[in-house]
Amino acid sequence: MPLLGVNIDHVATLRQARRTYEPDPVWAAALAELGGADGITIHLREDRRHIQDRDLRLLRETVTVKLNLEMACADEIVDIASRVQPDQATLVPERREEVTTEGGLDVVNHRQKVAEVIARLKDAGISVSLFLDPVAPQIDAAAELGADAVELHTGQYALARKSGEKARQLQLLYEAGRRVRERGLVLHAGHGLNYQNVIPIAQMEGMHELNIGHSIVSRAVFVGLERAVREMKRLVSGPWPNNHQFVED
Ligand code: PXP
């Protein structure tokens with residue numbers, strides 16, 4: 001049964017739209033925990049467009065479930081992470097012009113840098129997950145470099161509109177998930193998951209953690225964050241309705 005990590009960056013995005021103090025991601029984390037979140041995920045971007053250093057500091061003090069910090073392989077952020085010590089770091093690529101993280105980390109072409117960052121974070125006692133596209137060479141490189149977990153990028157699956165394309169993306173994710181497990185890595189997934197598309201991903205064998213943000217925070221605008229998290233937690237944990245059974249071949 002996968003754990004649910006709730007990404008609260010979007011709460012900070014709303015606050016930063018006015019450069020004010022509300023809504024506070026620290027409150028959001030507390031409500032997400034009340035709704036059953038198993039983890040709180042935040043991304044401290046180099047441009048600080050949403051989560052601020054103060055948020056990370058306060059969340060480290062107040063979050064009682066797993067605190068997962070998404071971060072680029074940037075020296076400044078690695079220094080901060082090593083000091084603040086989230087429970088887990090998820091390494092992601094970061095480009096200033098992107099609206100959100102667009103693709104997985106290219107571990108194959110940046111082996112040395114990624115290896116260096118993994119070593120520094122692990123030395124600081126932080127477990128390391130790599131956010132990867134569902135392709136074999138990237139997963140193999142993650143295993144070789146000593147990552148603890150791989151978060152499979154579900155964005156292409158989430159974006160697929162036609163059923164054939166959705167099934168193809170799901171197949172790629174299932175094959176990648178199997179490889180992650182075979183290489184001895186812990187399996188995570190995230191990006192673009194919502195109340196309509198999460199179940200087949202939650203049903204993947206060995207799925208340990210799902211990180212979901214935009215859809216939960218969007219629903220929270222209408223039903224409140226605690227309820228939005230509770231509803232997602234139910235979908236992630238099952239029991240699932242029969243017509244949603246997705247059996248891995
Ligand atoms: N996982 C990673 C690595 C991400 O970068 C993001 C977006 O910040 C998410 C999960 C959550 O994606 P979404 O907001 O689309 O649910």
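None of these values were measured; they are calculated from a predicted model.

J.: What am I meant to see in the overall build of the protein here?
T.: Summing up its helical and strand segments, the protein has 11 helices and eight strands in all. Relative to the compact-globule value of 18 Å for 249 residues, the protein shows a C-alpha radius of gyration of 17 Å, a close match. Taken along the three principal axes of its C-alpha coordinates, the protein extends 50 × 45 × 30 Å. Burial analysis of the protein (249 residues in total) assigns 52% to the buried set. For the protein, the share of sequence-separated contacts (at least 6 apart) that also reach a separation of at least 24 residues comes to 68%. Approximately 11,700 Å² of the protein is accessible, and the part contributed by carbon and sulfur atoms is 52%.

J.: Would you mind going over helix α10 (residues 214-223) with me for this structure?
T.: Within an α-helix, residues lying three or four positions from one another point in the same direction, as the helix has 3.6 residues per turn. Turning to α10, its buried residues are Ser215, Ile216, Val217 and Ala220. Its buried side turned inward, α10 meets β1 (3-7), α1 (9-18), β8 (207-212) and α11 (225-237). Within two residues after α10, Gly224 carries a phi angle of roughly 90 degrees, on the positive side.

J.: Could you clarify how one ought to interpret helix α3 (residues 53-62) in this entry?
T.: Those residues of α3 that sit buried are Asp55, Leu56 and Leu59. Down the axis of α3, the smallest arc covering the buried residues is 95 degrees, so these residues share one side. Those residues of α3 that are buried lie in contact with α1, α2 (25-34), β2 (39-43), β3 (66-71) and α4 (75-84).

J.: I'm lost on the sheet that holds strand β5 (residues 127-132) in this one. Help?
T.: Taken in spatial order, the eight strands line up as β1-β2-β3-β4-β5-β6-β7-β8 and close into a barrel, and their pairing is parallel. The sheet shows a mean angle of 25 degrees between the axes of neighbouring strands, direction not considered. One ladder, built from three bridges, connects β1 with β2; its direction is parallel. Looking at the pairing, Val6 lines up with Ile40 of β2. In this fold helix α8 (residues 163-182) packs onto β6 (149-153) and β7 (186-190), with an angle of close to 175 degrees to the strand it touches most, β6.

J.: Honestly, the packing of aromatic side chains in this entry has me stumped. Any pointers?
T.: What characterises a pair of aromatic rings is the spacing of the ring centres plus the angle enclosed by the ring planes. Throughout the structure, instances matching the rule amount to zero aromatic pairs. One residue, Lys166, lies across the ring of Tyr157, its end atom 4.8 Å from the ring centre. We note Arg219 situated over the ring of Tyr195; from NZ or CZ to the ring centre the distance is 5.0 Å.

Here is what the cut-offs are and how they apply
- Residues numbered from 1 in each chain as written.
- Predicted model: local features only at pLDDT ≥ 70, side-chain atom pairs only at ≥ 80, totals over all residues.
- Heavy atoms only, no water.
- Helix = DSSP H or I, 4+ residues; strand = E, 2+ residues; numbered from the N terminus.
- Rg over C-alpha atoms; globule rule 2.2 N^0.38 Å.
- Buried < 20%, exposed > 50% of the residue type's maximum accessible area, 1.4 Å probe, protein only.
- Contact = heavy atoms within 4.5 Å.
- Areas by Shrake-Rupley, 256 points an atom, 1.4 Å probe, with all protein chains shown as cover.
- Arc of directions from axis to C-beta.
- Pairing = 2+ DSSP bridges.
- Axes fitted to C-alpha atoms, helices over the stretch in contact; angles between N-to-C directions.
- Phe/Tyr/Trp six-rings, centres within 6.5 Å; stacked < 30°, edge-to-face > 60°.
- Lys NZ or Arg CZ within 6 Å of the ring centre and 35° of its normal.

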